[in-house]
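# A structural walkthrough
Each chain is listed here by its residues.
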Amino acid sequence: MEDNSRILKEKIDALVSFGESAEIEFKSAKGGFPGSFWESYSAYANTNGGTIVLGVAEKNGQFYFDGLNKDVVTKYKKIFWDCAHNRGKVSACLPRESDVIIDNIDDCYFLICYIPRASYELRPVYIGSNPLGNTYRRNHEGDYLCTDAEVRRMFADAEHDRHSKDGLILEGFNLERDIDKDSLRQYRQTFANLQPTHPWTSISDIEFLKKIRAYAIDYATGKEGLTMAGLLMFGNYDSITSLLILHILLITEKR
């Protein structure tokens, strides 16, 4: 145990000396549990995973320990777990008990939180109750807010992973009311610019949507309509918001 602790301390000390990277984020927690922690949590979960270290300050490009005591860091650990299990705070609790560790160097305590990459069915991982405007990804050394299109793509990828053939055909949604025609037109224009001789450039919108599996027909039942991926790619804001609320409710029930 002593050897493991020594190795861990040496590693953290080296990381502090090296600075931040795409895989590790240091956050000062001298003034309380930082709200930006959850932005990094979302970002790591939606990208390749990473480590957040609470209790380290940055000044002029140099990193220093906050000098937190064990009681404060123990309190932060409880705050982390309380929030991680609260669906009103974050959409998924990803770490295991062994991923969240209290340690110290020269009596300066800090909290190490390893955030794994979320599986497809849990992405996007977002803050609060609405994924739009609250979903982050990691880019080099920072967290950035995902666009609505990126969030839709994550939901579409998750749905495609669960329904690898035609995708889920949605009930109660239709082309006229729920599709944003400008988004579809821009997508088709981009497609045509990239592949001007492709036969799909001259077919109707409905046939094009069928080709890219945004609209599907279940020939066994005769059911047809927009797929989950289709609405997430081309739907208008209100329709997508309604869909995401339904999706979140279903996930919550399953959990």
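This text gives an overview of the structure that appears in the document. (Residues numbered from 1 in each chain as written. Predicted model: local features only at pLDDT ≥ 70, side-chain atom pairs only at ≥ 80, totals over all residues. Heavy atoms only, no water.)

Okay, unusual backbone geometry next. The phi angle of most residues is negative, glycine excepted, and most peptide bonds adopt the trans form. Cis geometry marks the peptide bond from Arg123 to Pro124; its omega dihedral reads 0°. Inspection of the secondary structure puts Pro124 in the loop between strand S6 (108–115) and strand S7 (136–139). Unusually for a residue other than glycine, Asp106 sits at a positive phi of about 50°. Its location among the elements puts Asp106 in the loop between strand S5 (100–105) and S6. The exposure class of Asp106 is exposed, given its relative accessible area of 70%. Even without being a glycine, Arg213 presents a positive backbone phi close to 65°. With respect to the helices, strands and loops of the structure, Arg213 is situated in the loop between helix H7 (205–211) and strand S9 (215–218). (Helix = DSSP H or I, 4+ residues; strand = E, 2+ residues; numbered from the N terminus. Buried < 20%, exposed > 50% of the residue type's maximum accessible area, 1.4 Å probe, protein only.)

This brings us to the sheet that holds S5. Two orientations exist for strands paired in a sheet by backbone hydrogen bonds: parallel and antiparallel. If you walk across this open sheet you meet the 4 strands as S1-S2-S6-S5, and the pairing is mixed. A single partner strand is all that each edge strand has here, and the edge strands are strand S1 (24–27) and S5. Shown here is a sheet whose adjacent strand axes are inclined to one another by a mean of 25°, direction ignored. Bridge analysis of strand S2 (residues 50–54) against S6 gives 5 bridges, and the strand direction is antiparallel. Bridged to Val53 within S6 is Ile112. Sheet strands touched by helix H2 (residues 37–46): S1, S2 and S6. Its angle to S2, the strand with the most contacts, is close to 165°. (Pairing = 2+ DSSP bridges. Axes fitted to C-alpha atoms, helices over the stretch in contact; angles between N-to-C directions. Contact = heavy atoms within 4.5 Å.)

Residues that lie three or four places apart on an α-helix share one face, since the helix turns once every 3.6 residues. In a regular helix each residue adds 1.5 Å, so 14 residues correspond to 20 Å; helix H6 (residues 181–194) covers 20 Å between its end C-alpha atoms and thus fits that length. Every buried residue of H6 is listed here: Leu184, Arg188 and Phe191. Here the buried residues of H6 occupy an arc of 60° about the axis, which is enough to place them on one side. More than 90 degrees from the buried face of H6, the exposed residues found are Asn193 and Leu194. Packed against the buried residues of H6 are H7 and helix H8 (228–234). (Expected span 1.5 Å × (residues − 1). Arc of directions from axis to C-beta.)

Turning our eyes to something else, we now look at the pairing of S5. Pairing of S5 with S6, which is carried by 6 bridges, proceeds in the antiparallel orientation. By the bridge assignment for S6, Val100 is matched with Cys113.

Another aspect to go through is the packing of aromatic side chains. This model, assessed by the stated rule, comprises 15 aromatic pairs. On the basis of an interplanar angle of 70° and a centroid distance of 4.9 Å, the ring pair of Phe80 and Trp81 is categorised as edge-to-face. Of the two residues, Phe80 and Trp81, neither departs from the other in class, the shared state being buried. Both rings, one in Phe191 and one in Phe208, keep their centres 5.5 Å apart while their planes meet at 80°; by these two values the pair is edge-to-face. Of the two residues, Phe191 sits in helix H6 while Phe208 sits in helix H7, which places them 17 residues apart along the sequence. Of the two residues, Phe191 and Phe208, neither departs from the other in class, the shared state being buried. Of the aromatic side chains, those joined through ring pairs into one cluster are Phe33, Phe37, Trp38, Tyr41, Tyr76, Phe80 and Trp81. (Phe/Tyr/Trp six-rings, centres within 6.5 Å; stacked < 30°, edge-to-face > 60°.)

This brings us to the pattern of salt bridges. If you walk through the whole model with that rule in mind, you get 11 salt bridges. With a shortest N-O distance of 3.2 Å, Asp99 and Arg96 are connected by a salt bridge. Here Arg177 ties to Asp178 by a salt bridge, and the two come within 3.2 Å at their closest N and O atoms. On the accessibility criterion, Arg177 (48% relative accessible area) is partly exposed. Via salt bridges that share partners, Glu25, Lys27, Arg138 and Asp143 belong to a single interconnected network. (Salt bridge = Lys/Arg side-chain N within 4 Å of Asp/Glu carboxyl O.)

For soluble globular proteins, the rule of thumb is that nonpolar side chains tend to be buried together. Grouped together as the largest cluster of nonpolar side chains are 29 residues, with contacts concentrated most on Phe37, Trp38, Tyr41, Phe80 and Val125. Counting only elements with at least two residues in this core, the list comes to H2, S2, helix H3 (70–84) and S6. Contacts of Phe80, omitting those with residues within four sequence positions, involve Phe33, Phe37, Trp38, Tyr41, Pro95 and Val100. Listed in part, the 24 residues of the second largest apolar core include Leu132, Cys146, Ala214 and Leu226. (Core = buried A, V, L, I, M, F, W, Y, C linked by side-chain atoms within 4.5 Å.)

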